[in-house]
Amino acid sequence: MIGGRVDKAFDIASEMRNAPYGKSVRRECLNSPVWGYQDKSGHMKLFEYKAKEVMKRHGIPVPDGFVVSKPDEIKSLPGPVMVKAQVLIGGRGKAGGIKPADNIPEAKKAASAILGLNIRGYITKQVLLERRLDVVKEIYLSITIDRSRRSLIFMASAAGGMDIESVPENQILMLPVDPAIGYQPFVGRYVSGFLKLPPDQAEQVADVCAKLHELVVAEDAELAEINPLVITKDGKVVAGDAKITIDSDALFRHKDFESLPEDLTPLEQKAKALDIAFVQLDGNIGVIANGAGLTMATLDSINMYGGKAGVFLDLGGTDDPEKVKSAMLLMSEANPRVILLNIFGGITKCDTVAKGVLEAIEAKRMRIPIVARIKGVNEEAGRAMLKSAGMIPAYGLSEAAELASKESLKVV
Amino acid sequence: MAIIVDEKTKLVVQGITGYQGMYHSQAMRDFGTQVVAGVRPGKAGERVNDIPVFDSVKDAVDGTGANTSCVFVPAPGCKDAAFEAIYAGIETVVIITEHLPVLDAIHIVSVARSRGVTVIGPNCPGIASPGRAKVGILPSMIFRKGNIGVVSKSGTLTYEIVNAISERKMGQSTCVGIGGDRVSGTNFIDVLDRFQADRQTKKIVLVGEIGGTSEEEAAEYIKNNVTKPVVAYIAGRTAPPGKRMGHAGAIIARGRGTAESKIRALEAAGVKVAKIPTDVPDLLK
């Protein structure tokens, strides 16, 4: 199937390039060398040099190169090189994060200029030095998840290198891989056929397709992107850049990827350790809810009544009062004007939540007003416990949102 | 009539000896579901809540005539469990398990579709037809028998909306929680198609959230195929861009998959869209 809507399958690819982060996010590498980062969405993004290592392991040609975190570590070069900032954000070239060098002094100079460079909020801690390619043609090639078709999908374009998202749709091939058929050589032939390459290069590109698919399946990647896939002056096909994102849900079978640090604020890190989703925003209402959809609906409802959430915390499914207590303590550290507790108990029991909340209040002598709306399994018991502790009871979501918003707008 | 689960559902619970399996097998039975078997390799002959436990799904099917499975098996063993159910001839597999690798989901869904097996989930709360049967973890007390079909990507938000509908003395034919993962066995369109054909269902409620494009695709489908009135709510209208709320699906990417784009598409298809969940019952009147 050739053609189709680009936007659907671009979710992940575009998210990687355009990830808009909140202002509170720390964007530095904690310690180097590291392979990459796990972002807020749980996407395990590998640095270019690590992604290239993985590609090389799967037989995809990459330029000779090495990575350093200090200019002094440069002892020899594989020839004329490019010095490239290792950051997980696009637009490195325009930001001065990629420089050519012909000899060791030049390479050291380029490296010291790039190391420490702030590229759209990301501090460069490592540079990759790799053999410079004689570029004749730049191709875009990637595999990602197509949600609608419920399959993997190849994307390819002869107009690689530039911002692929501004390339007209008819110049991008969207080729789903039928999961029942899997990868077969014809898939690679369709890709290289679309790119209108001479036979020798077509064969090499088809081979890269096969290996990229093999990589995605073997490593549980949700995105593997080569942009550009370079055709050199001597007719070789080489990965000029590489992006790989690993499915964090598959880490149980990829122990080697597990140690990636995360791109989180200190409070968010604490929350992560407790398996609680915690995000800091701009307002002053602290929202505690269970489940992503209900949390979002709570934010929507607050907004309707003029309130603004300052932090939200998704308990997920839990039946452990200790976890609820930790969540409350975490919330108090974020210092909201009012806390809105909105729990719909299923797996989570209401009395469990109430117990955890009360323990946290006692432990910290918390004085923050709390609007409590709890519903579902064991709601009577839970509500009685919270009411006795002086919380503002609410019966419906709208009522809770209204009360919390009013409280948050009170002039002190 | 209801859809997917009803009085004829004979349920086997995979992973019945775990905490959730135990708790919810009883809750499902209390709801009226025929819970005929449980599976836990190595525990054949035991009973959980007086439900017989078998070593394999095949033994459970041979011994009890089970036709539907509810999978509580944790992610590393989930693909195996789902395929075992399909292999044993189960017609409907409801996967509650969360954090299933997306490539496993793609594989399971592909095989299920080619065999005509219905998979709901992964990472979903399940499905309930009030007065008939429930398969999954949805809280029983929120339901009321009636003629509104509910389909939702969310978990607790589904409960919120079903509860709001029931409190206004309106009931549900079937409520399907399809799950919010990137790849799901059953999507909005699959369920809309069934609700349109179901005689008990008179009105439909669709609950979506930001991220992905399945709501936009549902809107297109509704425009061309659904004649019953549809009311929708899209969670995340005021969510900050680029921040995920714990769901793989809830990602905003470059103006696509936004609440605005979904609401616009649904309204263009004649769907009434509620601003907050508690408005849904008003729009159903």
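1. Quick notes on the overall build of chain A
What chain A contains, in helices and strands, is twelve helices and 20 strands. With 412 residues in all, chain A has 53% of them scored as buried. Of all intrachain contacts in chain A linking residues separated by at least 6 positions in sequence, the fraction that spans at least 24 positions is 69%.

2. Remarks on the overall build of chain B
Across its full length, chain B holds nine helices and 14 strands. In terms of overall size, chain B behaves like a compact globule, its C-alpha atoms giving a radius of gyration of 18 Å where 285 residues would be expected to give roughly 19 Å. Taken along its principal axes, the extent of the C-alpha atoms in chain B is 55 × 40 × 30 Å. Counting across all 285 residues of chain B, residues that qualify as buried make up 63%. Of the contacts made within chain B by residues no fewer than 6 positions apart, 72% connect residues no fewer than 24 positions apart.

3. Things to note about the sheet that holds strand S9 (residues 133–136) of chain B
Residue and element names in this part refer to chain B. Taken together, the seven strands give an open sheet; going across it, the order is S9-S8-S11-S10-S12-S13-S14, and neighbouring strands pair in mixed fashion. Each having just a single partner strand, S9 and strand S14 (272–274) make up the two edges of the open sheet. On average, each strand axis in the sheet is tilted by 15° relative to the strand beside it, whichever way the strands run. Pairing geometry for strand S8 (residues 126–129) and strand S11 (residues 172–177), over three bridges, is antiparallel. Bridging from a neighbouring strand, Gly126 pairs with Gly177 of S11. The strands touched by helix H8 (residues 259–268) within the sheet are strand S12 (203–209), strand S13 (230–235) and S14, with S13 carrying the most contacts at an inclination of about 175°.

4. Observations concerning the nonpolar core
In terms of nonpolar packing, the biggest core is built from 221 residues, with Leu313 of chain A together with Val71 of chain B touching the most fellow members. Setting aside chain neighbours within four positions, we find Leu313 of chain A in contact with Ile276, Ala277, Phe278, Val287, Ile288, Ala327, Leu330 and Met331 of chain A.

5. Quick look at the sheet that holds strand S20 (residues 392–393) of chain A
Residues and elements named next belong to chain A. Taking strand neighbours across the sheet as the criterion, the six strands line up as S15-S17-S16-S18-S19-S20 in an open arrangement whose pairing is mixed. The open sheet terminates on both sides in strands that have one partner only, identified here as strand S15 (277–280) and S20. Bridging between S15 and strand S17 (residues 309–314) involves four bridges; their strand directions are antiparallel. Considered in S17, the bridge of Gln280 is made with Val311.

6. Some thoughts on the environment of Glu215 of chain B
All names here are of chain B. Relative to the elements of secondary structure, Glu215 occurs in helix H7 (residues 214–225). Exposure remark for Glu215: the 26 C-beta atoms within 10 Å place this residue in the buried category. In sequence terms Glu215 and Asp190 are 25 residues apart; their C-alpha atoms lie 12 Å from each other.

7. With respect to the confidence of the model for chain B
Should pLDDT be low for a region, the predicted coordinates there are not to be read in detail. When the pLDDT values of chain B are averaged, the result is 92; 94% of them are 70 or greater. Segment residues 243–255 of chain B is flagged for pLDDT under 50; beyond a separation of four residues in sequence, or across chains, it makes 51 contacts in the model.

8. Topic: the confidence of the model for chain A
Residue and element names in this part refer to chain A. Scored by pLDDT, chain A comes out at a mean of 84, with 87% of its residues at no less than 70. For chain A, helix H1 (residues 6–9) is the element with the lowest average pLDDT, namely 29, and strand S13 (residues 237–239) is the one with the highest, namely 98. Low confidence marks residues 1–33, where pLDDT is under 50. Its contacts with residues over four positions away, or in another chain, come to 71 contacts.

9. Observations concerning unusual backbone geometry
In the segment running from Asn227 of chain A into Pro228 of chain A, the intervening peptide bond is cis, with an omega of 10°. As for its position among the elements, Pro228 of chain A is in strand S12 (residues 221–232). With an omega of 10°, the peptide bond between Gly121 of chain B and Pro122 of chain B qualifies as cis. In the Ramachandran plot, Arg150 of chain A falls in the positive-phi region, its phi being about 55° despite a non-glycine side chain. Its place among the elements puts Arg150 of chain A in the loop between strand S9 (135–146) and strand S10 (151–157). With 21 C-beta atoms counted inside 10 Å, the residue Arg150 of chain A sits in the buried group. A positive phi angle, near 65°, is found at His99 of chain B, a position not held by glycine. Examined against the element boundaries, His99 of chain B turns out to sit in the loop between strand S6 (92–95) and helix H4 (102–115).

10. Some remarks on the domain arrangement of chain B
Residues and elements named next belong to chain B. In terms of domains, chain B is made up of domain 1 (10–120) and domain 2 (139–284). Facing the eleven residues of domain 1 at the interface are eight residues of domain 2. If you list the elements that add at least two residues to the side of domain 1 that touches domain 2, you get helix H1 (19–31), H4 and strand S7 (118–120). The element that contributes the greatest number of residues to the side of domain 1 that touches domain 2 is H4, accounting for five residues. Considered class by class, the residues forming the side of domain 1 that touches domain 2 number nine nonpolar, one polar and one charged.

11. Thoughts on the environment of Val324 of chain A
Residue and element names in this part refer to chain A. Of note, Val324 is situated in helix H9 (residues 321–333). When the C-alpha positions of Val324 and Leu133 are compared, they lie 55 Å apart, and in sequence the two are 191 residues distant. Excluding residues that lie within four positions of it along the chain, Val324 makes contacts with Leu315, Thr318, Thr352, Val353, Gly356 and Val357.

12. Description of the packing of helix H6 (residues 188–197) of chain B against H7 of chain B
Residues and elements named next belong to chain B. The geometry of H6 relative to H7 is characterised by a closest axis approach of 9 Å and an angle of 30° between their N-to-C directions. By the angle between their axes, H6 is roughly parallel relative to H7. In this structure, H6 meets H7 at a crossing whose hand is right-handed. Listed contacts from H7 to Phe188, Ile189, Leu192 and Gln196 of H6 are Ser214, Glu215, Glu217, Ala218, Tyr221, Ile222 and Asn225. Of the residues contributing to the contact of H6 with H7, the split by class is six nonpolar, three polar and two charged.

13. With respect to helix H5 (residues 156–167) of chain B
A turn of α-helix holds 3.6 residues, and therefore any two residues three or four places apart point the same way. The terminal C-alpha atoms of H5 of chain B, which comprises twelve residues, lie 16 Å apart, in line with the 16 Å expected from a rise of 1.5 Å per residue. In terms of burial, H5 of chain B is largely enclosed, as eleven of its twelve residues are buried.

14. Concerning helix H8 (residues 292–304) of chain A
All names here are of chain A. Taking 1.5 Å per residue as the helical rise, H8 with its 13 residues ought to reach 18 Å, and the 19 Å between its terminal C-alpha atoms agrees with that figure. Counting buried positions along H8 yields eleven of 13 residues, so the element is predominantly enclosed. Turning to H8, its buried residues are Ala292, Gly293, Leu294, Thr295, Met296, Ala297, Thr298, Leu299, Asp300, Ser301 and Ile302.

Cut-off values and rules
Residues numbered from 1 in each chain as written. Chains lettered and ligands numbered in written order. Predicted model: local features only at pLDDT ≥ 70, side-chain atom pairs only at ≥ 80, totals over all residues. Helix = DSSP H or I, 4+ residues; strand = E, 2+ residues; numbered from the N terminus. Buried ≥ 20, exposed ≤ 12 C-beta atoms within 10 Å, placed from the backbone. Contact = placed C-beta atoms within 7 Å. Rg over C-alpha atoms; globule rule 2.2 N^0.38 Å. Pairing = 2+ DSSP bridges. Axes fitted to C-alpha atoms, helices over the stretch in contact; angles between N-to-C directions. Core = buried A, V, L, I, M, F, W, Y, C linked by C-beta atoms within 7 Å. pLDDT = per-residue confidence, 0-100. Domains from an automatic or database assignment. Nonpolar A, V, L, I, M, F, W, Y, C, P; charged D, E, K, R; others polar. Parallel < 35°, antiparallel > 145°, perpendicular 65-115°, else oblique. Left-handed = near helix turned anticlockwise from the far one by under 90°. Expected span 1.5 Å × (residues − 1).

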